[in-house]
Amino acid sequence: MDSCMNKFVTEETVRSLQSGDHQAFETVFFAYFNKVKYFIYGLIKSESDAEEIAQDIFVRVWTNREAIDPDKNFTTYIYVSARNAALNFLKKRHVRSSYVQEQIHVGSDSDNPEDGFFAREIDLLIQMSVSKMPERRRRIFEMSRNEGLSNDQIAQKLNISKKTVENQLSIALKELREVVSLIVLFFTAL
Amino acid sequence: MSIRGGSARSRHKALDTKNEHTDYVSEVVRRYFRERHAAQVEEDVQRWLLDPRHAGRKLQSIEAEWEALETGSAARPDRAFDAVRARIGQRATKTVHRFRRAAMRVAAVVVPALAIAAGVWVYLARQNQHTAWIDFVVPYGQTAILDLPDGSQLAVNSGSTVSYPEKFAERSVRLSGEAYFDVAPDAARPFVVETGNLTVRVTGTEFNVQAVSGINTETVSVSEGGVEVLTAGGSTHDLYAGDRLTLDKVHGNVTLDRFEPSDQAWSGGGLSFSDNTCVEIFAKIGRHFEIPFHYAGTCTNNQRYTLKIKQNDTVDQVMTILDKLIDGFTYAMRDDGIHIEYE
């Protein structure tokens with residue numbers, strides 16, 4: 001669609017960039033800016049901040065151009081810059097959260113015994129699926145799961161039939177089952 | 001934090017092969033990265049991303065998203081390029097900006113004469129302690145273009161007032177009425193629009209703000225880029241292209257929905273409605289044609305309408321169309337304005 005959207009930047013372009021060639025900078029910019037911006041957006045979920053961070057990255061590409069190693073993959077360089085900038089942004093955003101501070105002290109040892117457990121991941125997958133459910137189904141599901149109400153109680157509260165509650169819950173569970181097979185165990189226990 | 005370290009990855013490759021359940025990690029990353037979720041859920045995932053557990057697997061999954069990301073259909077980032085080039089001191093934009101600033105100083109003097117002819121007047125008002133504010137007033141029945149000193153351009157709808165500091169060091173604008181904003185990018189200086197109830201913060205984008213007295217809602221519609229909206233109630237919302245936020249001024253409720261950006265066609269002349277109730281449509285038409293509307297009865301028609309009115313349409317033509325389109329009212333054109341009677 002756009003001839004400037006080159007997929008790859010050649011080693012030669014990176015060398016020209018290093019020596020201060022404006023044209024090379026333009027090539028690099030249009031080859032990567034959108035990818036960097038939308039990648040950052042995917043991680044931080046704020047387009048205005050993603051735009052700002054992406055621009056900062058390209059300002060740094062220019063000001064630090066002499067430090068770029070043309071023999072190394074330029075795409076990797078850009079990717080690592082974008083990833084680190086996005087994660088730093090998230091770190092700053094959540095720095096006041098006690099949760100993160102606790103976790104920082106847990107340490108970086110990836111071989112710790114918790115590695116075998118994915119309760120947190122499964123919980124997040126459930127949360128994401130639930131947040132995508134239609135309003136009524138979500139409400140019924142949350143009443144059942146979070147508030148521990150029986151199907152009768154939910155039906156009464158929402159002024160709908162028990163059959164509807166059952167149907168909606170069964171659809172909700174089916175959706176979740178597709179996402180996480182373990183959820184079945186979790187739920188039949190309820 | 002280990003999540004940013006590169007060395008963790010190689011260790012995790014080994015772990016991966018023996019533990020297939022690590023797929024949960026990439027599944028969380030994939031779904032979070034590719035979709036939007038409720039704000040609370042997104043925050044939880046963000047904290048999880050920063051959590052060092054499964055750090056190597058998280059990094060791998062993030063890299064997989066980078067590799068899979070296709071941005072071929074996104075618009076060419078020309079404005080971002082200009083902004084970046086200006087920041088690193090590469091030619092072009094700097095001189096353009098200087099030129100625009102100079103042009104504006106002249107315009108402040110010349111515009112009153114020109115503007116009266118155009119039916120638009122600019123006058124200095126509100127001697128704020130430090131800076132003078134300029135009120136840009138667009139009378140009923142007209143629309144006007146306002147070029148701000150920073151290069152941002154506003155299409156201001158009829159019956160609207162835009163106020164901005166003469167020294168535009170702080171990019172701050174107050175709006176009563178409706179305007180379409182094409183904001184010059186400048187990441188270092190956010191552009192802020194204030195209405196009575198909403199604060200919109202942007203760094204470079206296109207969007208529409210409607211804060212009309214007499215209409216019970218204020219709306220922000222984003223056609224390009226993204227903005228952050230702060231409501232008088234204290235809630236903040238990030239909006240992106242195609243997102244629309246509606247604030248109910250009476251109850252304080254905020255509604256978020258999508259719209260077709262082409263519906264903001266009024267900024268190019270004419271008048272357009274997107275998902276408006278008949279009450280809103282009549283109010284807007286009254287402002288646009290500067291004709292008083294008188295109402296009898298209560299409107300029970302809550303349907304929403306989307307339509308466009310061409311620049312040259314007369315109020316008679318418009319009312320004839322609305323009569324056919326909208327149920328539940330009759331109207332009469334009299335000397336003192338248009339009388340609407342709801343059935």
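Counting restarts for each chain: residues are numbered from 1 in the order of the written sequence. Chain A is the first chain written and ligand 1 is the first ligand written, with later ones labelled in order. At least 70 in pLDDT is required for a residue's local features to be given in this predicted model, at least 80 for side-chain atom pairs to be given and counted, and no such filter applies to totals for whole chains, interfaces and linings, which use all residues. Heavy atoms from the whole structure form the basis of all side-chain values; hydrogens and water molecules are not counted.

So, about the overall build of chain B. Counting its secondary structure elements, chain B contains eight helices and 19 strands. A burial count over chain B gives 50% of its 343 residues as buried. Elements are defined by DSSP. Helices are runs of H or I of four residues or more, strands are runs of E of two residues or more, and each kind is numbered from the N terminus. Using a 1.4 Å probe on the protein chains alone, a residue whose accessible area is under 20% of its type maximum counts as buried, one over 50% counts as exposed, and one in between counts as partly exposed.

This next bit is on the packing of helix H2 (residues 22-44) of chain A against helix H4 (residues 74-93) of chain A. All names here are of chain A. Where H2 contacts H4, the axes come no closer than 10 Å and their chain directions differ by 30 degrees. Viewed along their axes, H2 and H4 form a crossing whose handedness is right-handed. For the pair H2 and H4, contact is made by Val28, Tyr32, Val36, Phe39, Ile40, Leu43 and Ile44 and by Phe74, Thr75, Ile78, Tyr79, Ala82, Arg83, Ala86, Phe89, Leu90 and Arg93, respectively. Axes here refer to lines fitted to C-alpha atoms; in helices the fit is confined to the stretch in contact. Angles between the N-to-C directions go from 0 to 180 degrees. Left-handed describes a crossing whose near helix is turned anticlockwise from the far helix through less than a right angle; right-handed describes the clockwise counterpart. Note on definitions: a residue-residue contact is assigned when non-hydrogen atoms from the two residues lie within 4.5 Å.

Nonpolar core, defined: a set of buried Ala, Val, Leu, Ile, Met, Phe, Trp, Tyr and Cys residues in which side-chain atoms within 4.5 Å join the residues together. The biggest cluster of nonpolar side chains holds 73 residues, and the ones touching the most others in it are Phe25(A), Val36(A), Phe39(A), Ile40(A), Phe58(A) and Phe74(A). The element that contributes the greatest number of residues to this core is H2(A), accounting for 14 residues. Ile134(B), Ala144(B), Ala179(B) and Phe191(B) belong to the second-largest nonpolar core, a separate cluster that totals 30 residues.

Residue and element names in this part refer to chain B. Inspection of the sheet shows strand E8 (residues 198-202) paired to strand E11 (residues 226-231) by four bridges, in the antiparallel sense. Bridge pairing links valine 200 to valine 229 in E11. Taking the residues between adjacent antiparallel strands as the criterion, E11 and strand E12 (residues 236-240) are bridged by four residues, where glycine 234 takes a positive phi near 95 degrees. We call two strands paired when DSSP finds no fewer than two bridges between them.

Here the focus is the environment of Ile338(B). Residue and element names in this part refer to chain B. Summarising the element assignment, isoleucine 338 is placed in strand E19 (residues 337-342). Taking the C-alpha atoms as reference points, isoleucine 338 and valine 315, separated by 23 residues in sequence, lie 9.9 Å from one another. The residues contacting isoleucine 338, other than those within four sequence positions of it, are Ile291, Pro292, Phe293, His294, Val315, Met319, Tyr331, Ala332 and Met333.

On to the confidence of the model for chain A, then. Residue and element names in this part refer to chain A. For chain A, mean pLDDT is 80; residues scoring 70 or higher make up 79% of the total. For every residue, the predictor assigns a confidence score, pLDDT, that lies between 0 and 100. Every residue in residues 98-115 scores below 50 in pLDDT, and together they form 26 contacts with partners more than four places removed in sequence or on other chains. Contacts of residues 183-190 to residues separated by more than four positions or lying in other chains number eight contacts, the stretch itself having pLDDT below 50.

Only centres within 6.5 Å qualify two rings of Phe, Tyr or Trp (six-membered ring in Trp) as a pair; their planes then separate them into stacked at under 30 degrees, edge-to-face at over 60, and tilted for everything else. Per the counting criterion, the structure on display carries 21 aromatic pairs over all chains. With centroids separated by 5.1 Å and ring planes inclined at 85 degrees, the aromatic side chains of Phe39(A) and Trp66(B) adopt a geometry described as edge-to-face. Within this pair, whereas Phe39(A) is found in helix H2, its partner Trp66(B) is found in helix H4 (residues 55-68), the two belonging to separate chains. A single burial state applies to Phe39(A) and to Trp66(B), both of which are buried. Here Phe181(B) and Phe191(B) contribute two aromatic rings whose centre-to-centre distance is 6.1 Å and whose plane-to-plane angle is 70 degrees, an arrangement assigned as edge-to-face. In this pair, Phe181(B) is assigned in strand E6 (residues 172-182) and Phe191(B) in strand E7 (residues 191-194), connecting sequence segments ten residues apart. Relative accessible area serves as the criterion here: at 0%, Phe191(B) is assigned to the buried category. Among the aromatic residues, those joined into a cluster by ring pairs are Phe25(A), Phe29(A), Phe30(A), Phe33(A), Phe58(A), Trp62(A) and Phe81(B). Cation over ring: Lys35(A) sits above Trp66(B), and NZ or CZ is 5.0 Å from the ring centre. Two conditions define a charge sitting above a ring: the NZ of Lys or the CZ of Arg must be within 6 Å of the ring centre, and it must be within 35 degrees of the ring normal.

Okay, the pattern of salt bridges next. Oppositely charged side chains may form a pair once their charged atoms are brought near each other. By convention in these notes, a salt bridge is any Lys or Arg side-chain nitrogen within 4 Å of a carboxyl oxygen on Asp or Glu. In total, this model carries 27 salt bridges over all chains according to the counting rule given. Residue Arg139(A) is joined to Glu147(A) by a salt bridge in which the shortest nitrogen-to-oxygen separation is 3.4 Å. Taking relative accessible area as the criterion, Glu147(A) reaches 38% and is therefore assigned partly exposed. Taking the shortest distance from any N to any O, the salt bridge between Arg244(B) and Asp257(B) comes out at 3.0 Å. Taken together, the residues span a long stretch of sequence, with Arg244(B) in strand E13 (residues 243-248) and Asp257(B) in strand E14 (residues 254-258) at a distance of 13 residues.

Our next topic: H4(A). All names here are of chain A. In this model H4 runs 29 Å from its N-terminal to its C-terminal C-alpha over 20 residues, within 8% of the 28 Å that 1.5 Å per residue would give. Listed in full, the buried residues belonging to H4 are Phe74, Ile78, Tyr79, Ser81, Ala82, Arg83, Asn84, Ala85, Ala86, Leu87 and Leu90. You can read the cap of H4 off the contacts: a side-chain oxygen lies 2.8 Å from the backbone nitrogen of threonine 75, and it is on asparagine 73. Here the expected length of a helix is defined as 1.5 Å per residue gap, with one fewer gap than residues. Whenever two N or O atoms come within 3.5 Å, that pair is a polar contact, provided that in protein one can donate a hydrogen and the other can accept it, and provided that, for residues adjacent in sequence, both atoms are side-chain atoms.

Residues and elements named next belong to chain A. In H2, a bend of some 40 degrees at tyrosine 32 exceeds every other bend along the element. Burial analysis of H2 places 19 of its 23 residues in the buried class, which makes it a mostly covered element. Just downstream of H2 lies lysine 45, where phi reads positive at about 60 degrees. Bend at a given residue is defined as the angle between two axes, one fitted to the seven residues that end at that position and one fitted to the seven that begin there.

To continue, consider the side chain of Thr246(B). Residues and elements named next belong to chain B. With respect to the helices and strands, threonine 246 occurs in strand E13. According to the relative accessible area criterion, threonine 246 is buried, its value standing at 19%. With residues near it in sequence (within four places) discarded, threonine 246 still touches Thr217, Glu218, Thr219, Asn253, Val254 and Thr255.

Within the chain, Lys45(A) stands out as a residue other than glycine whose phi angle is a positive 60 degrees. Counting through the fold element by element, Lys45(A) comes out in the loop between H2 and helix H3 (47-63).

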